[in-house]
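Understanding the architecture of this molecule
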Amino acid sequence: MKIGIAEVFGKYGATLRNVNWSVSAWNDKGELVVSLWAHHQVKDAPSGTLTFGDRFDRWAGHGNKEFRANVARAFELGAPVRLVLARTLQPERVQAGEDASNIQKTFGMRSDLVGKVSHADDKSYVIEFRKAAA
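Presented here is a report on the structure given in the accompanying data block. (Residues numbered from 1 in each chain as written. Predicted model: local features only at pLDDT ≥ 70, side-chain atom pairs only at ≥ 80, totals over all residues. Heavy atoms only, no water.)

Side note on the overall build of the protein
The criterion, for reference: Going along the chain from the N terminus, every DSSP run of H or I of four or more residues is numbered as a helix, and every run of E of two or more is numbered as a strand. Note on method: radius of gyration uses C-alpha positions; expected globular size equals 2.2 Å times residues raised to 0.38.
Scanning the protein for helices and strands turns up three helices and seven strands. Of the regular secondary structure in the protein, the N- to C-terminal order runs α-β-β-β-α-β-α-β-β-β. What you see for the protein is a C-alpha radius of gyration of 14 Å, in line with the 14 Å of a compact globule of 134 residues. For the C-alpha atoms alone, the extent of the protein along its principal axes is close to 35 × 30 × 25 Å.

As C-alpha cells, then:
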C-alpha cells in the first residue's frame, strides 16, 4: 500500500502547511519533521550516522522557503529532527530542480532515528541522524 507524505508526517504528529509543496513541519513535541531524498544521503558520513545534505538553491518555491526557515530554526534551537525518507527512480529530475510534485516517489518513516541539523547557512544544510534512544 502506497503511503502519502501527509500520512507519514501525521504519524510523527506533524501537519504539513500545504500538502502540495511543504516538505517540513513542526510537531507538538518541538521536533522538526523533514522529508529528505534518499539520494541526498552523504556517503562518507561519520560512523553511526545516517547523514543527508544538499544545497538550498537546487529548487525554489514556497516549500523551499518554508524548509530553509524550519532548518535554520532547528539549527539555532538544537531541536530534534525526525526523518521522512523520499525515494524516486528519477533522481536526475530532482537534481535538475524539476517540480518534485510531478515526480513519482514513495515515502517511508524512519522512527528509529532522531537527528540534529549539524550545519545550516544560506547555501546548504547537513542533518545527521542516529539511532533513537530506546
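So much for the structure itself; the text now carries on.
Observations regarding the packing of aromatic side chains
What counts, and what does not: In this analysis, rings of Phe, Tyr and Trp, with Trp reduced to its six-membered ring, are considered paired at centre separations within 6.5 Å, and the interplanar angle assigns stacked below 30 degrees, edge-to-face beyond 60, and tilted for intermediate values. A 1.4 Å probe rolled over the protein chains alone gives each residue an accessible area, and that area as a share of the maximum for its type sets the label: buried under 20%, exposed over 50%, partly exposed in between. In this analysis the charged atom, NZ for Lys or CZ for Arg, is taken to sit over a ring once it is within 6 Å of the ring centre and within 35 degrees of the ring normal.
Scanning the model with the defined rule gives five aromatic pairs in all. With a centroid separation of 6.1 Å and 65° between ring planes, the pair formed by Phe56 and Phe67 is classed as edge-to-face. Taken together, the residues Phe56 in the loop between strand S3 (50–55) and helix H2 (62–77) and Phe67 in helix H2 connect sequence positions eleven residues apart. The pair Phe56 / Phe67 is uniform in exposure class, with both members buried. Taken together, a centroid distance of 5.2 Å and an interplanar angle of 75° make the contact between Phe67 and Tyr125 edge-to-face. Taken together, the residues Phe67 in helix H2 and Tyr125 in strand S7 (residues 124–131) connect sequence positions 58 residues apart. In textbook terms, an aromatic cluster arises when at least three aromatic residues are bridged by ring pairs, as seen for Phe56, Trp59, Phe67 and Tyr125. Against the face of Trp26 rests Arg73, its NZ or CZ located 4.2 Å from the ring centre.

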